[in-house]
Structure formats: structure tokens, C-alpha cells
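# Per-entry structural report
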Amino acid sequence: MSLVYHTMHSLTTGCGLANLTLPSIGQSLRLIHCTQPVSAKKWKFHPERDLTPPVQFKNTEQPPDRHRLPIYAKTPHMWLSGAMKAPRQTKELWRMMGEEAVHNDLLLDQYGIIAMTGGMVKHKHFEVLRMGVGKYVKPKESFSMYRIDPPYKPITDHGFGKRMGGGKGTIDCYGTPVRAGRVILEVGGKLMWEEARPWLQTIAAKLPFEAIAVNSEMLKKFREEEDRLLKTNKNPISFEWLVRNNMLNCQQHLSEYDRRWFGKFVYKDRELNKKWQLVTRAKYPGRN
């Protein structure tokens, strides 16, 4: 029995192959090789025994209407009846200049798409967002919501192959102007960032302006890093400092947009025309 006990003990502590012959029975047993003690074995797919619990999901209650994005009409409902003709407007580019100061945060505190520059979201872009997000959100698990208004601003066009002149063109479509930093849409529910990030980035790349897919933690880090870079800047002379102090009477020669936004988010061919450009280190598209 002592031989059997020592052999079995060596099996559980990891020794190797061993041949055991029982004299009373006359049979030979071949023991199995064990590289480590049985009690010290790890999980096959989880090398760490102490598994961390999954992240608790937010916004688990679904909206009462639907989980997908709604379908917006090409023309505002107030002009569909035909009782009154839709007025034609100017381009009003100032609606796409500057930085968004109201709708610039995630209400659901999960994931979304934020515009890096200003632009115009037309009806076809709303359809791209709706069909792109609708393929991945699941009922009773995840949902999505718009953070911008339906198309309301008329966009006129003369069309191709027409002579110049003839007055204001006819209304071609409607759009929604967007400023830099505006939240386009949000996604919430039982959904992890690793799952939503690939298709959110794909949808953001299809918009007519530069956009980025972010989560609440990324948004917080972007703002903290931008504040840190501005506070640790050793050069006190900036465009904003020059305009505020009216150096060399520069306010007389600057436009009202430069006096308000200090050269940021105004012109596409200048620097500092993107949101968080200092943090992301986006390069200037010009030659210099």
C-alpha cells in the first residue's frame, strides 16, 4: 500500500510516467503523465481565475415608440398641403460657422457621432444614417435617436445645362445646418463600445463633413486634454488675444465672424477649423 500511495501522490503533484505492479493481483497499471498539480490547473479559455464582472449597461429601458431612427420627410409638413408656397431663402452660411454651445453633450452618456466641422445634412444623409444604424440596433436591447432637427432649410438650385440669370433658382431640397461639435445621433442600451465603434465610424465617414464616433469617456478626455493644452501654452500671443486687445486696430479690418469666433470654425482653408484639432493633432490641409 505504501508503493501505491507514493505513486498516486506523485501523480497528483506532477511527476511523469510510472509503471505500477500490484503483487496481489499480478496486473500492471500505466499511470498518466501530469505536468502540474490538479488543484493548480487554470481554465482552458480563461488563464486568470479571478474573472472581472461585465460592465453594467445604462439606458436599459427602451423608448416607447421604436428602437430605430425615424423616417424624415423630404419636405417639411407645413409645405406639403400646398396652401402656401415655400419661401426661398439665402444660403445663410453663418448657421454652419462657429462652435455648437447647446447640443454638444451625450444625453444618454453612452455612444454617438459628433461633427468635427460645420456642414449641411440633407435628406439623403438622413437616409444613410437611418439605414446604417438600423442594421445593428436590436429590439429590446439597443436603440438610437437623432439629436438634430429634420430638414427645414430650403436649398435652391438652377440645375445643369441652364443659362445664367433668370432670378432665384427653384427649391431643390431641404437640409439641416450643423455647427462644429454638434451631436448628430446617439446610440444606447445593452451595447458595448467595442461592438458599436466599427459601424459608428463607418457611418461617420459617409457624412458630407468630417465627423467622429465617440463615447462618454472619450468626450471627457478630449475636453480635459484641450483645457490642459490651453493652460500650459507658454506663448501668450494668440489670435484671440490680438482681436480682444484690438492690436493695430485689427477689428476694423476683420469680419464679424472673426470678431466673434476668433478665426475658429469659420473658414475651411484656415487652421483651427476642426473640433479638438489641438488634441487630435489634425494637420492643416494647406501647403504651408
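Residues numbered from 1 in each chain as written. Predicted model: local features only at pLDDT ≥ 70, side-chain atom pairs only at ≥ 80, totals over all residues. Heavy atoms only, no water.

### Section: the overall build of the chain
Assigned secondary structure in the chain consists of seven helices and nine strands. The contacts in the chain between residues at least 6 apart in sequence include a share of 70% that link residues at least 24 apart. Surface exposure of the chain reaches about 20200 Å², of which carbon and sulfur atoms provide 55%. (Helix = DSSP H or I, 4+ residues; strand = E, 2+ residues; numbered from the N terminus. Contact = heavy atoms within 4.5 Å. Areas by Shrake-Rupley, 256 points an atom, 1.4 Å probe, with all protein chains shown as cover.)

### So, helix α3 (residues 193-204)
Here α3 contains twelve residues, and its C-alpha end-to-end distance of 15 Å stays within 8% of the 16 Å for a straight helix at 1.5 Å per residue. Of all the residues in α3, the buried ones are Trp193, Ala196, Trp199, Leu200, Ile203 and Ala204. All buried residues of α3 fall inside an arc of 150° around its axis, so they share one side. Tucked into the core, α3 has its buried residues touching β3 (111-115), α2 (123-134), β8 (183-189), β9 (211-215) and α4 (216-231). (Expected span 1.5 Å × (residues − 1). Buried < 20%, exposed > 50% of the residue type's maximum accessible area, 1.4 Å probe, protein only. Arc of directions from axis to C-beta.)

### Focus on the environment of lysine 220
Position of lysine 220 among the secondary structure elements: in helix α4. Through-space distance from the C-alpha of lysine 220 to that of aspartate 105 is 9.7 Å; in sequence the pair is 115 residues apart.

### Focus: the pattern of salt bridges
Inspection of every chain in the model, using the stated rule, returns ten salt bridges. Between arginine 95 and glutamate 92 there is a salt bridge; the shortest N-O distance is 2.5 Å. When its relative accessible area of 27% is taken as the criterion, arginine 95 is described as partly exposed. With a shortest N-O distance of 3.4 Å, lysine 221 and glutamate 217 are connected by a salt bridge. Within this pair, lysine 221 and its partner glutamate 217 are both found in helix α4, separated by four residues, close to a single helical turn. For glutamate 217, a relative accessible area of 49% corresponds to the partly exposed category. (Salt bridge = Lys/Arg side-chain N within 4 Å of Asp/Glu carboxyl O.)

### Remarks on the side chain of threonine 117
Looking at where threonine 117 falls in the secondary structure, it is placed in the loop between β3 and β4 (119-122). Judged by its relative accessible area of 15%, threonine 117 is buried. Contact partners of threonine 117, with chain neighbours within four places excluded, come to Arg179, Ala180, Phe209, Glu210, Asn273 and Lys274.

### Structural notes on the pairing of strand β5 (residues 142-146)
Side-chain positions along a regular strand alternate between the two faces of the sheet. Counting buried residues along β5, four of its five residues qualify, which places the element largely inside the surrounding structure. Of the strand pairs in this sheet, β5 and β8 are connected by five bridges, and their pairing is antiparallel. From the neighbouring strand, serine 142 faces β8, where its bridge partner is glycine 189. (Pairing = 2+ DSSP bridges.)

### Concerning the confidence of the model for the chain
Chain-level statistics for the chain give a pLDDT mean of 83 and a share of 80% at 70 or above. Across residues 14-18, confidence stays below pLDDT 50; counting only partners more than four residues off in sequence or on other chains, it has 15 contacts. (pLDDT = per-residue confidence, 0-100.)

### Structural notes on the nonpolar core
The nonpolar side chains of a soluble globular protein tend to be buried with one another. If you look at the biggest cluster of nonpolar residues, it comprises 27 residues, and the most contacted ones within it are Ile113, Leu129, Ile184, Leu185, Trp199 and Leu200. For this core, the elements supplying multiple residues, two or more each, are β3, α2, β8, α3 and β9. Residue contributions to this core peak at six residues, all from α3. Membership of the second largest hydrophobic core comes to nine residues, among which are Met116, Val183, Val214 and Trp276. (Core = buried A, V, L, I, M, F, W, Y, C linked by side-chain atoms within 4.5 Å.)

### Describing the sheet that holds strand β6 (residues 153-157)
Strand pairing in a sheet relies on backbone hydrogen bonds. The paired strands run either parallel or antiparallel. The strand order β4-β7-β6 describes an open sheet built from three strands, whose pairing is antiparallel. Lying at the two open borders of the sheet, with one neighbouring strand each, are β4 and β6. With strand direction ignored, the average angle separating the axes of adjacent strands in the sheet is 55°. Here β6 runs beside strand β7 (residues 170-178); their pairing, made up of five bridges, is antiparallel. Among the inter-strand pairings, aspartate 157 is bridged to a residue of β7, identified as threonine 170. (Axes fitted to C-alpha atoms, helices over the stretch in contact; angles between N-to-C directions.)

### Focus: the sheet that holds β5
Strand order in the open sheet formed by four strands is β5-β8-β3-β9, with antiparallel pairing between adjacent strands. In the strand order of this sheet, the two ends are held by β5 and β9, each with one partner. Going across the sheet, the axis of each strand differs from the next one's by a mean of 20°, ignoring polarity.

### Regarding a positive patch on the surface
Together, Lys85, Arg88, Lys91 and Lys168 give the surface a local cluster of positive charge. By the element assignment, lysine 85 lies in the loop between β2 (28-30) and β3. The exposed category is assigned to lysine 85, whose relative accessible area is 72%. (Patch = residues over 30% accessible without salt bridge, like charges linked within 9 Å, V, L, I, M, F, W, Y side chains within 5 Å. Lys, Arg positive; Asp, Glu negative; His and termini not counted. Charge placed at Lys NZ, Arg CZ, Asp CG, Glu CD.)

### Brief notes about the environment of leucine 219
Mapping leucine 219 onto the fold places it in helix α4. Through-space distance from the C-alpha of leucine 219 to that of aspartate 105 is 8.2 Å; in sequence the pair is 114 residues apart. Those residues in contact with leucine 219, other than ones at most four positions away along the chain, are Asn104, Asp105, Leu106, Ile114 and Trp276.

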